[in-house]
Amino acid sequence: ENGDIPPPVSPAQAEAWANVRVVAITSGKGGVGKTNLAVNLAMALRRRGHRVLVIDADLGMANVDILLGTSSRKHLLDLLRPEVKLDDVIVETPHGIQYISGGSGIEKALEYDHAEKLLLQQKLADCAARADLILVDTGAGLGRNVMDFILAADEVLLVTTPEPTSLTDAYAVMKAYSIYAVQKNLRLVINRVYEPKESREVALKLQRAAEKFLHMPVECLGYVFEDTAVTKAVRRQMPLLKADPNAAAARCIDALAEALITGGEMDVKRGWK
């Protein structure tokens, strides 16, 4: 609508992008477990043999670094410097996941201009050749940068918890998405639930609101249980799937990964109680 000219992409790059899934993982407010989900989902997908790249687009917050126990010398916005290439910013983590850090320190992160955006797109164009799935961990909320990343993705996972404030903020994201997204593909993940029934009730609230006011169908990919193992893993700076693969939350995330790949219903393995 503002006459954006797409950057020149080579035929090889275009073909690579046709075979890659770009999934933005977002939330209305911070603190709902979005980054944790992104990192552990990446691990579960990697274990299924997919090449996974996580882009930490929560600019200025090095949250993914902390959860992966890695530190990156260069980060996403360093790509705005002419001499920095994609290979300079991609880190191979010990977990087999490729990763681009959002960096810490927000001096540049707040807004970048149109020319910089094109440059970023051009340099990121080669990501597709290196991955089958790209998970983009966006910032929370409705900032311009966040919306850019959400709208650039093929599909969006909107993470919410059952808390009323979290639902209100999640609805705000759905509303913005319904206005700006051309191809709508948004699914819910309900985090920190105590039982599956709770997740169904929460999802239903948001789904009804989306149908009624936004005329947008919204599916629910699934849920993740409230689990103290998550906090313990974060303290050890290890992904949950590595620290405690049998934890309830880990099994949920594994089931989410399976549902993401097969397109089926989330089916959590083994007994709960």
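Here the structure is shown first, and the text comes after it.
Procedures and definitions
Residues numbered from 1 in each chain as written. Predicted model: local features only at pLDDT ≥ 70, side-chain atom pairs only at ≥ 80, totals over all residues. Heavy atoms only, no water. Helix = DSSP H or I, 4+ residues; strand = E, 2+ residues; numbered from the N terminus. Rg over C-alpha atoms; globule rule 2.2 N^0.38 Å. Buried < 20%, exposed > 50% of the residue type's maximum accessible area, 1.4 Å probe, protein only. Areas by Shrake-Rupley, 256 points an atom, 1.4 Å probe, with all protein chains shown as cover. Lys, Arg positive; Asp, Glu negative; His and termini not counted. Charge placed at Lys NZ, Arg CZ, Asp CG, Glu CD. Patch = residues over 30% accessible without salt bridge, like charges linked within 9 Å, V, L, I, M, F, W, Y side chains within 5 Å. Salt bridge = Lys/Arg side-chain N within 4 Å of Asp/Glu carboxyl O. Core = buried A, V, L, I, M, F, W, Y, C linked by side-chain atoms within 4.5 Å. Contact = heavy atoms within 4.5 Å. Phe/Tyr/Trp six-rings, centres within 6.5 Å; stacked < 30°, edge-to-face > 60°. Right-handed = clockwise from strand over helix to strand, strands pointing away. Pairing = 2+ DSSP bridges. Axes fitted to C-alpha atoms, helices over the stretch in contact; angles between N-to-C directions. Polar contact = N/O pair within 3.5 Å; in protein donor to acceptor, adjacent residues only side chain to side chain. Expected span 1.5 Å × (residues − 1).

A. Structural context of the overall build of the protein. Within the protein, the regular secondary structure consists of 11 helices and 8 strands. Whereas a compact globule of 273 residues would reach a radius of gyration of roughly 19 Å, the protein reaches 18 Å, a difference of no more than 12%. Along the longest, intermediate and shortest principal axes, the C-alpha atoms of the protein span 55 × 45 × 35 Å. Out of the 273 residues belonging to the protein, those deemed buried represent 52%. Carbon and sulfur atoms form 53% of the exposed surface of the protein, whose accessible area is close to 13300 Å². When the 33 basic and 35 acidic side-chain charges of the protein are each reduced to a single mean position, those positions are 5 Å apart.

B. Spatial organisation of a nonpolar patch on the surface. Taken together, the side chains of Leu151, Ile179 and Tyr180 make up a nonpolar region of the molecular surface, amounting to roughly 310 Å² of accessible area. Looking at where Tyr180 falls in the secondary structure, it is placed in helix H7 (residues 164-180).

C. Main features of the pattern of salt bridges. According to the stated counting rule, one finds 14 salt bridges in the structure shown. Between Glu201 and Lys197 there is a salt bridge, with the nearest N and O atoms lying 3.1 Å from each other. Placement of both Glu201 and Lys197 in helix H8 (residues 196-214) is noted, with a separation of 4 residues, approximately one turn of the helix. Lys197 gets classed as partly exposed once you look at its relative accessible area, which sits at 46%.

D. Up close: the nonpolar core. Ranked by internal contacts, the top residues of the largest apolar core, which has 94 residues, are Ile25, Leu41, Ile100, Leu124, Ile134, Leu135 and Met174. When residues in this core are grouped by element, the largest group, 9 residues, is from helix H11 (residues 248-262). Residues in contact with Leu41, not counting those within four places in the same chain, are Ile25, Leu135, Leu157, Ile253, Leu256, Ala257 and Leu260.

E. View of the packing of aromatic side chains. Enumeration over the complete set of coordinates arrives at 1 aromatic pair. Ring centres 5.3 Å apart and planes at 65° place the aromatic pair Tyr223 and Phe225 in the edge-to-face group.

F. Representation of the pairing of strand S7 (residues 186-193) within the structure. Taking burial as the measure, the 8 residues of S7 include 7 buried ones, the bulk of the element. Crossover handedness for the path strand S6 (residues 155-160) to H7 to S7: right-handed. Read from S7 through H8 to strand S8 (residues 219-225), the crossover connection turns out right-handed.

G. Quick look at the sheet that holds S8. Taken in spatial order, the 8 strands of this open sheet run S3-S4-S2-S5-S1-S6-S7-S8, and their pairing is mixed. Each end of this open sheet is capped by a strand with a single partner; those strands are strand S3 (90-92) and S8. Direction aside, the axes of adjacent strands within the sheet are offset by 25° on average. The pairing of strand S2 (residues 52-57) with strand S4 (residues 98-100) spans 3 bridges and is classified as parallel. Its bridge partner being in S4, Leu53 is matched across the sheet by Gln98. Running at roughly 175° to strand S5 (residues 133-140), helix H2 (residues 34-47) makes contact with strand S1 (21-27), S2, S5, S6, S7 and S8 of the sheet.

H. Summary view of the side chain of Asp227. Counting through the fold element by element, Asp227 comes out in the loop between S8 and helix H9 (228-235). Put simply, Asp227 is tucked away with no salt bridge, and the nearest opposite charge, on Lys232, sits 7.1 Å away. Separated by 2.9 Å, the side chain of Asp227 and the backbone nitrogen of Ala229 make a polar contact. Each residue touching Asp227, except ones within four places of it in the same chain, is listed here: Ala247, Ala248 and Ala249.

I. Quick look at H7. The terminal C-alpha atoms of H7, which comprises 17 residues, lie 25 Å apart, in line with the 24 Å expected from a rise of 1.5 Å per residue. What H7 keeps buried is the set Ser166, Leu167, Ala170, Val173, Met174, Ala176, Tyr177 and Ser178. The inward-facing, buried residues of H7 abut S1, helix H6 (144-152), S6, S7 and H8.

So, to be careful, I would describe these as geometric facts and stop short of saying anything about function.
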